[in-house]
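# Architecture and fold: a report
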There are 2 protein chains.
Amino acid sequence: MSLTIKLTTTPHIINLNLHPKHRTKIPAYSLGVRPKPIYHSNALISILYNNKQPRMSQASASGSVIKSSLIEPDGGVVVDVIVPECERGSKTLEAESLPKVRLARIDVEWVHVISEGWASPLKGFMRENEYLQSLHFNSLRMENGTVVNMSLPIVLAIDDETKENIGSAKDVGLVGPDGDLLAILRSTEIYKHNKEERIARTWGTTAPGLPYVEEFITPAGNWLIGGDLEVLKPIKYNDGLDHFRLSPQQLRKEFDRRQADAVFAFQLRNPVHNGHALLMNDTRRRLLELGYKNPILLLHPLGGFTKADDVPLAVRMEQHSKVLEDGVLDPETTVVAIFPSPMHYAGPTEVQWHAKARINAGANFYIVGRDPAGMGHPTEKRDLYDPDHGKKVLSMAPGLEKLNVLPFRVAAYDTVAKKMAFFDPSRSKDFLFISGTKVGTISGR
Amino acid sequence: MSLTIKLTTTPHIINLNLHPKHRTKIPAYSLGVRPKPIYHSNALISILYNNKQPRMSQASASGSVIKSSLIEPDGGVVVDVIVPECERGSKTLEAESLPKVRLARIDVEWVHVISEGWASPLKGFMRENEYLQSLHFNSLRMENGTVVNMSLPIVLAIDDETKENIGSAKDVGLVGPDGDLLAILRSTEIYKHNKEERIARTWGTTAPGLPYVEEFITPAGNWLIGGDLEVLKPIKYNDGLDHFRLSPQQLRKEFDRRQADAVFAFQLRNPVHNGHALLMNDTRRRLLELGYKNPILLLHPLGGFTKADDVPLAVRMEQHSKVLEDGVLDPETTVVAIFPSPMHYAGPTEVQWHAKARINAGANFYIVGRDPAGMGHPTEKRDLYDPDHGKKVLSMAPGLEKLNVLPFRVAAYDTVAKKMAFFDPSRSKDFLFISGTKVGTISGR
């Protein structure tokens, strides 16, 4: 099944179905031509995304249903489990009558992620069969035999008391940290939360000091509860950044509005710098060379939990906006939005999640850096993951065959050319790395 | 591609191609009818496998090539990397000239396993791409896009000194613990051996005291070397049990000789008892009920490394023979052979390997017990794995879709019926478990 949208039948719509040949996997080396760095000098244009009506009506009277050219979401449909407004009253009443599960802050972030379909085809917190497949195979087999990627266990932990309180009830109400009813979890299944095994298989270590583990797994209950979500209303944070939190559906609409025939996603959790910008502009140039007419960049900073020494989201968003205002990236071909997922810092396991979620938002190209989702080993003086494993694992991951993985090329300041350029190891002394420390700091991890 | 064998065109050969419908997955519940226990009272028949000529010539002058009805091996062909006798002299000379890698005892067991094709399509020790896929996905994607199961990393560790000694050489000679040249490893690739990550992702714990880890990983080098094997001659142990070590090819020939139209494998690493026998006989009865004409049991004790407190192989083999001599199992429909793999005690991860290897030997049904390949947690008072996870993971594992997984039904002595029977929880006090301890001891783990 494909996403379909209604469009008026004007000639430029034909573009949406162009270049089917490009939807096959393009080997990374074919994109490996050495480019010139590109600087855009566009006039200052303010924030790119606005909530104005799309230029093409989605349900024009004269419109016919045509297929979007965007990559198909996992499972064929973007999951949306937000209760329609007309049913909110009755569902809220029902939720009030159910046994309650009190959510931690991290659980609310996952409710948000699931509710908008980032984890499609997942419709709720994982039941045991999904959990085991995620843990052992980093993927789920669907009923029709197709395989979708699912590398992180998306689970809800409860303690003994909550389990006892639920008893044999099949549906439960989910209550936010502030006591507000957020969702119903239906047809639940409760199973053991073997924390040691979950941690070992997700992170490849059980060393103390993993941020997500310390903050959210160690203090969590010894049971997991899976089921189908019905979220009573869209999750909002009221931090002045909610307008950046576009759902996969909203992003797909925006890409279609712009008549994107390729979408390349760049995940980051740190400030953007000119090295990133060079890479992103160069990627667009290479996609144009390959015959795409309008490749759009999804600049997609992660907005959920990050560790204490990462730069806070609000600062990063301001900095991203500045880069666009300064014309370093072209707002006409860039969409900046917040990816609402929390960080696991689980390296090769997590980068699959980062890529898979972007497929659901319409991206068919994914830029992967050195040591994606990596960090220092919590107890040893080394990187926790081999810095090359992320892109290797990503390029072989089940369910991601349809995604084009673009390895990140390292950029630095070329003191001879006096500008940012891709690092040339044959004259390494000519290059200055921005942080002045190691190459790793220039990655998108 | 399928295995083919030459057979004379006598009527009974037609049986080999019967029942294609049974090669689809049969849901476990359809086999879940409650049976009567069956005791065979066959006359004492001595050891079942002998090296006599198969009754059907494999290359009769009048023979035509027909397809075997046995399940296809992973990758289509059973790998055989044992050097033909006529090339042994020249290859041995070549091996002598190469840089050497000294093998540990466990490495020789893996050379044996790979050389005969148990790990098909693997042709040697894993290179990094195979290692990463095994570690993260428990499976390998082939060039044609098909997926085969591969849950355990089959790797060869070397230390810094050996790595330095190899230098840039692409081929190396493998030397056994006694100094004899065993094999050549071709087109090698050396990569880092991150022991912590390997252990965590394979066992789901890094707790000290895992037998395979303590014995073979902790003392091993910090590098892994992958490549294609050429084994100079078949691996033999000269322990009086080599005649039980049938290769996948030999087993397939034997199953074809017996005109098996279903092969059900039972892995065990402990003595067989009447509870097992009841189960195996009952499985055959159920397969006959399903329309198979001649289901053959592969009773397949594991012969490689086991932990110190497991019963030694020689004792187990003697006991298995006794069970057959006593007529508890029917030698006409049973093949006893040794599976040469070492044990990891890695539970749900390892049971996939146990099942996958038996596909390569022609088995299309696999009996899985409670807590397969499990053990007690090395530092905590509990099972290391959830006893139900093994069969759940096995039934969902990528690349094993073609295998019929048969859950083990627990048998015990029924003091009312005065015989072994499947445990009936509604009258649990009537049953005596053989060991007098817990149900776990009756499993095939």
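Residues numbered from 1 in each chain as written. Chains lettered and ligands numbered in written order. Predicted model: local features only at pLDDT ≥ 70, side-chain atom pairs only at ≥ 80, totals over all residues. Heavy atoms only, no water.

Short version of the rule: UniProt positions are given in the numbering used here, feature names are shortened, and annotations may be inferred rather than shown by experiment.
Under an unreviewed UniProt entry, the name given to chain A is sulfate adenylyltransferase, and the source organism is Populus deltoides. Listed in UniProt under the heading Sequence similarities (unreviewed entry), the comment for chain A reads: "Belongs to the sulfate adenylyltransferase family."

## Observations concerning the pairing of strand β11 (residues 295–301) of chain A
All names here are of chain A. Test applied: Three exposure classes are used, based on accessible area relative to the maximum for each residue type with a 1.4 Å probe and protein chains only: buried under 20%, partly exposed in between, and exposed over 50%. Strands here mean DSSP runs of E at least two residues long; helices mean DSSP runs of H or I at least four residues long; both are numbered from the N terminus. Only strands joined by at least two bridges in the DSSP assignment are considered to pair. When the strands point away from the viewer and the path from the first strand over the helix to the second turns clockwise, the crossover is right-handed.
Counting buried positions along β11 gives seven out of seven residues, so the element sits mostly inside the fold. Judged by which residues are buried, β11 turns out to be covered on both faces: Pro295, Leu297, Leu299 and Pro301 on one side and Ile296, Leu298 and His300 on the other are all buried. Inspection of the sheet shows strand β10 (residues 262–268) paired to β11 by seven bridges, in the parallel sense. Each bridged residue has a counterpart across the sheet, and for phenylalanine 266 the counterpart in β11 is leucine 299. Each parallel crossover has a hand, and for β10 linked through helix α8 (residues 274–289) to β11 it is right-handed. Crossover connection from β11 via helix α9 (residues 313–325) to parallel strand β12 (residues 334–336): handedness right-handed.

## Considerations on the interface of chain B and chain A
Definition in use: Any two residues whose heavy atoms approach within 4.5 Å at even a single point are treated as in contact. Computed with a 1.4 Å rolling probe, the buried area is the accessible surface lost when two parts are put together, summed over both parts. Throughout this description, the term salt bridge denotes a Lys or Arg side-chain nitrogen within 4 Å of a carboxyl oxygen of Asp or Glu.
At the junction of the two partners, chain B supplies 37 residues and chain A supplies 37 residues. A buried area of about 3,100 Å², summed over both sides, lies between chain B and chain A, and 46% of it is on carbon and sulfur atoms. Per-residue buried area on chain B facing chain A is highest for B:Phe137, B:Arg201 and B:Met396; these three make up 22% of the total on that side. Run the count over chain B and chain A and you get eight salt bridges. With a closest N to O distance of 2.5 Å, B:Arg141 and A:Glu401 form a salt bridge.

## With respect to the relation of the copies chain B and chain A
Rules: To line up the copies, we fit them by least squares on C-alpha atoms, keeping just the residues with pLDDT of at least 70 in both.
Each copy of the sequence occupies a distinct position, and chain B is placed on chain A by a rotation of 180° and an axial shift of 0.0 Å, giving an RMSD of 0.0 Å. The transformation just described matches what one would write down for a two-fold rotation axis.

## A few points about the UniProt feature "domain: ATP-sulfurylase PUA-like" (unreviewed entry) in chain A
With numbering matched to this structure, UniProt assigns "domain: ATP-sulfurylase PUA-like" (unreviewed entry) to residues 71–233 of chain A. Between the end C-alpha atoms of residues 71–233 of chain A the distance is 28 Å, and the span holds 34% helix and 22% strand.

## Examining the packing of helix α3 (residues 128–137) of chain B against helix α5 (residues 195–203) of chain B
If you want to describe how two helices pack, look at the angle between their axes and the distance between the axes. Residues and elements named next belong to chain B. Keep this limit in mind: With axes taken as lines fitted to C-alpha atoms, and helix axes fitted only over the stretch in contact, angles between N-to-C directions fall between 0 and 180 degrees. Here is the rule for angles: anything less than 35 degrees is roughly parallel, anything more than 145 is roughly antiparallel, 65 through 115 is roughly perpendicular, and the remaining ranges are oblique. Residue classes follow a fixed rule: Ala, Val, Leu, Ile, Met, Phe, Trp, Tyr, Cys and Pro count as nonpolar, while Asp, Glu, Lys and Arg count as charged, and any other residue, Gly among them, counts as polar.
Remark: α3 packs on α5, axes separated minimally by 9 Å, with the N-to-C direction vectors making an angle of 40°. When the axes of α3 and α5 are compared, the pair comes out oblique. Here α3 contributes Tyr131, Leu135 and His136 to the contact with α5, which in turn contributes Glu197, Arg198, Arg201 and Thr202. A class-by-class count of the residues in the contact of α3 with α5 yields two nonpolar, two polar and three charged.

## Comments concerning unusual backbone geometry
In this structure, the amide linkage connecting A:Ser120 to the following residue, A:Pro121, adopts the cis form with an omega of 10°. You will see that A:Lys418, though not glycine, has its phi angle at about 60°, which is positive. Within the secondary structure layout, A:Lys418 lies in the loop between β15 (411–414) and β16 (419–422). With a phi angle near 50°, B:Asp371 is a residue other than glycine that sits in the positive phi range. The residue B:Asp371 is located in the loop between β13 (365–368) and α11 (389–396) in this model. A relative accessible area of 1% means that B:Asp371 is categorised as buried.

## Focus: helix α7 (residues 248–257) of chain B
All names here are of chain B. Burial of α7 is extensive: seven of the 10 residues sit out of reach of the surface. Looking at α7, one finds that the buried residues are Pro248, Leu251, Arg252, Glu254, Phe255, Asp256 and Arg257. One or two positions beyond α7, positive phi appears at glutamine 259, with a value near 55°.

## Re the pairing of β15(A)
All names here are of chain A. Pairing between β15 and β16: four bridges, direction antiparallel. Pairing of tyrosine 413 across the sheet is with methionine 420, part of β16. Counting the residues between successive antiparallel strands, the hairpin from β15 to β16 contains four residues, one of them, lysine 418, with a positive phi of roughly 60°.

## Here's the deal with the sheet that holds strand β14 (residues 404–407) of chain B
All names here are of chain B. Read from one edge of the open sheet, five strands run β12-β11-β10-β13-β14, paired in parallel fashion. Two strands bound the open sheet, and with one partner strand each, they are β12 (334–336) and β14. Averaged over all pairs of adjacent strands, the angle between strand axes in this sheet comes to 25°, irrespective of strand direction. As paired elements, strand β10 (residues 262–268) and β13 share three bridges and run parallel to each other.

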